[in-house]
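Descriptive analysis of the structure
These are the residues of each chain, in order.
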Amino acid sequence: MKQFVPAAAAVALQITTCLAHASHAEELLPVQIRAPSPAHFSELVANNTLDFGCRPIALPTSDGQFQLQGLLTRDQISWLHGEYSSGEFITVQETVLDKRQTSGKAPIGTGDRFSGGSVAPSGLGTKASTITIASILNVNEINSAITGLVNAYPGAFFKYNLPYTTFQGRTSVAAYTGAGADTSKYRLYLSAGMHARERGGPDNLIYWISDLLAANKSGSGLTYGSKSYTNAQVKSVLNAGIVLFPLVNPDGVVYDQSSGSLWRKNRNTRSGTSGSSIGVDLNRNFDFLWNFRKFFSSSVSPASTSPSSEAFYGTAAESEQETKNHVSIYDKFPGIRWFMDIHSAAGTILYSWGDDVNQSTDPNMNFLNATYDGKRGVTSDTTYKEYIPAADHTAIKRAADATVAGMKGVGSRSYVSQQAVGLYPTSGASDDYAFSRFWAKPGVNKVYGFTMEFGYSTNFYPTTTEFNQNILDTNAGFMEWALTAISVGLQ
């Protein structure tokens, strides 16, 4: 691979790592790659054998550099040394850190703290600031928590089984609350647990819903760190109607929680039967420019055709049962207007589009126009930019900025909002699929799509303290996102 270097730019890369888990055969190292500009990362990002988390994001550092997060094996680190050994400065620092249930990492719950649904979950927003949650929900507890809410709030909280069983035969569950039994009245849709290793996503969502229901019943408000919300705001958010799909990828989460292997994909073995060749990246499997080799420039890699890649896009758009389940929710709740997919770990709120830079001047330059096939995704050129109506761009940016402000307001750490494409495109993502439906499927509702990347970069296994802070941050973010959605409009 030839390194991309702008004509007058000197390359300076710095890589720092920490040991991801104990098995040398499957060892992954959280990596920070530093360079003078995001453009220096272009060829690294195009190499789809490298793992750059949910999406490759180059963030500015305090010393004027840019930082790209990744998860690499020792062999890949050695390969990077070879690639950048001529005239570049690279250092690799490793600190042994077991990413499983030791050294302060939040443990996975054992047993069932909700006793099959006889006990309802209770979030942090209704409790004293000294109260914390000791462990991450296991897969059985996620389902038990949903049952517990059904039992605790009869006639106010509903669940149902989604139509497609996973590759390993599991039944997935969705739920809805706030707008009664009429599914046409629901406007907000949130999902979590799409990437298995991103621990705490389902917990964030379940505990927020638990808070809303408890506060609504008691007539109280909610407090997340330095952010507080009134009972009137709680009622307003519930009245908007919330649909939740808290565990999109149960097969993958079961495997990750038992193996501590930083597993990302589902566990479908049709395209590969061992090691990293197992599974599909569900967030590259949605029907938005899925066939990237046709729709994008050959110089970019928004997904991968290789089963061994963390970004393997599957065998067809919506080839995976989990993706089909996710999409089926739009049919059952046709009034959905706002969607958020919950991921980690980058500290960002992303809004559409993710395939190329936004523009609001030429409506013919859009993802459905075959004239631009083979030209999309090069963010530095003027050949193609993705069309978005100016009013839509204003609305989604307003909501993303408000979400970030809410998360910052908790008082813990900084977050940023940005267009999903950043400098590197994606295809087949859930947020872009949500937004694209309005143009691709005549007659359906327009849905604004967002991705929340909570937590610290590549820290997929948070400590207990971080886990609790993530709950506070995300729950305040959800409140601000929902309140802004109500303000902008739900119809």
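Residues numbered from 1 in each chain as written. Predicted model: local features only at pLDDT ≥ 70, side-chain atom pairs only at ≥ 80, totals over all residues. Heavy atoms only, no water.

Per an unreviewed UniProt entry, the chain carries the name Peptidase M14 domain-containing protein and comes from Triangularia verruculosa. You can read under Cofactor (unreviewed entry) in the UniProt record for the chain the words "Zn(2+)". (UniProt positions renumbered as here; feature names shortened; annotations may be inferred.)

Another aspect to go through is the overall build of the chain. A count of helical and extended segments in the chain gives 11 helices and 17 strands. In the chain, which comprises 491 residues, the proportion classed as buried is 60%. Once local pairs closer than 6 in sequence are excluded, the contacts in the chain between residues at least 24 apart make up 75%. Accessible surface, the chain as shown: approximately 17500 Å² in total, 51% of it carbon and sulfur. (Helix = DSSP H or I, 4+ residues; strand = E, 2+ residues; numbered from the N terminus. Buried < 20%, exposed > 50% of the residue type's maximum accessible area, 1.4 Å probe, protein only. Contact = heavy atoms within 4.5 Å. Areas by Shrake-Rupley, 256 points an atom, 1.4 Å probe, with all protein chains shown as cover.)

Below, the discussion takes up the UniProt feature "active site" (unreviewed entry) in the chain. Here the UniProt feature "active site" (unreviewed entry) sits at E453. Residue placement: E453 occurs in strand β17 (residues 448-454). Polar contacts involving the side chain of E453 include one to the main-chain amide nitrogen of A345, which spans 3.3 Å. (Polar contact = N/O pair within 3.5 Å; in protein donor to acceptor, adjacent residues only side chain to side chain.)

As a further point, take helix α9 (residues 390-409). Taking 1.5 Å per residue as the helical rise, α9 with its 20 residues ought to reach 28 Å, and the 28 Å between its terminal C-alpha atoms agrees with that figure. The set of residues buried in α9 consists of D392, A395, I396, A399, A400, A402, T403, V404, G406 and M407. Just downstream of α9, G411 is the residue with a positive phi angle, here 110 degrees. (Expected span 1.5 Å × (residues − 1).)

According to the stated counting rule, one finds 30 aromatic pairs in the structure shown. Seen from their ring centres, Y176 and Y186 are 5.3 Å apart, and the 90 degrees between their planes marks the pair as edge-to-face. With a gap of 10 residues between them, Y176 in strand β7 (residues 173-177) and Y186 in the loop between β7 and β8 (188-192) connect regions that are remote in the sequence. Judged by relative accessible area, Y176 falls into the buried class, the value being 9%. Exposure remark for Y186: the relative accessible area of 0% places this residue in the buried category. Here F438 and W439 contribute two aromatic rings whose centre-to-centre distance is 5.2 Å and whose plane-to-plane angle is 90 degrees, an arrangement assigned as edge-to-face. An aromatic cluster is built from F288, W338, W353, F367, F435, F438, W439, Y448, F450 and W481, whose rings are joined through pairwise contacts. The lysine or arginine in question, R199, covers the ring of Y461, its NZ or CZ lying 3.6 Å from the ring centre. Here the basic side chain of K446 rests over the ring of F438, its NZ or CZ set 4.7 Å away from the ring centre. (Phe/Tyr/Trp six-rings, centres within 6.5 Å; stacked < 30°, edge-to-face > 60°. Lys NZ or Arg CZ within 6 Å of the ring centre and 35° of its normal.)

The next point concerns the pattern of salt bridges. Under the defined criterion, the tally for this structure stands at 9 salt bridges. Notably, a salt bridge pairs E480 with K227, separated by 3.3 Å at the nearest N-O pair. On the criterion of sequence distance, the pair formed by E480 in helix α11 (residues 464-488) and K227 in strand β10 (residues 227-229) is long-range, its members being 253 residues apart. Judged by its relative accessible area of 22%, K227 falls in the partly exposed class. Close ionic contact of R264 with D281 constitutes a salt bridge, the shortest N to O distance being 2.6 Å. Here R264 is found in the loop between α6 (250-259) and α7 (292-295), whereas its partner D281 is found in the loop between α6 and α7, with 17 residues between them in sequence. Residue class for R264 comes out buried when judged on its relative accessible area of 1%. In this structure D281 comes out as buried when scored by relative accessible area, which is 0%. (Salt bridge = Lys/Arg side-chain N within 4 Å of Asp/Glu carboxyl O.)

All right, on to the pairing of β17 then. Where burial is concerned, most of β17 is hidden: 7 out of the 7 residues are buried. Residues Y448, F450, M452 and F454 point to one face of β17 and G449, T451 and E453 to the other, with burial holding for every one of them. For strand β12 (residues 338-344) and β17, the ladder comprises 7 bridges, and the chain directions are parallel. Following the sheet pairing, D341 is matched in β17 by T451. (Pairing = 2+ DSSP bridges.)

This next bit is on the sheet that holds strand β16 (residues 416-419). The mixed open sheet is built from 8 strands, whose spatial order is β6-β7-β11-β8-β12-β17-β13-β16. Each edge of the sheet is formed by a strand with only one pairing partner; in this case those strands are β6 (157-161) and β16. Put simply, the sheet's adjacent strands are angled 20 degrees from each other on average, direction ignored. Summarising the sheet, strand β13 (residues 348-351) and β16 pair through 4 bridges and their orientation is parallel. Bridge assignment links T348 to a residue of β16, and that residue is V416. The sheet strands contacting helix α10 (residues 430-440) are β12 and β17, and the helix crosses β17 at an angle near 165 degrees. Sitting on the sheet, α11 is in contact with β8, β12 and β17, with an inclination near 165 degrees to β12. (Axes fitted to C-alpha atoms, helices over the stretch in contact; angles between N-to-C directions.)

In the case of a regular strand, side chains alternate between the two sheet surfaces. Of the two faces of β13, the one carrying T348 and L350 and the one carrying I349 and Y351 are both buried. For β13 and β17, the ladder comprises 4 bridges, and the chain directions are antiparallel. Residue pairing across strands places I349 opposite M452, the latter belonging to β17.

For the rest of this paragraph, the subject is unusual backbone geometry. Omega for the bond connecting S344 with A345 falls within 30 degrees of zero, at 5 degrees, which places this linkage in the cis form. Within the element layout of this structure, A345 appears in the loop between β12 and β13. Here the residue pair S352 and W353 is connected by a cis peptide bond, since its omega of 0 degrees sits within 30 degrees of zero. Tracing the backbone shows W353 in the loop between β13 and β14 (358-359). Backbone geometry at L262 places phi at a positive 55 degrees, although glycine is not the residue there.

This part takes up the packing of helix α3 (residues 139-152) against helix α4 (residues 201-218). Each pair of packed helices gets described by two things: the angle between the helix axes and the distance between those axes. Two elements in contact, α3 and α4, have axes whose closest approach is 11 Å; the angle formed by their N-to-C orientations is 10 degrees. Considering the angle they form, α3 stands roughly parallel to α4. On α4, the residues touching I142, A145, I146, L149 and A152 of α3 are P202, I206, I209, S210, L213 and K217. A per-class count over the contact of α3 with α4 returns 9 nonpolar, 1 polar and 1 charged. (Parallel < 35°, antiparallel > 145°, perpendicular 65-115°, else oblique. Nonpolar A, V, L, I, M, F, W, Y, C, P; charged D, E, K, R; others polar.)

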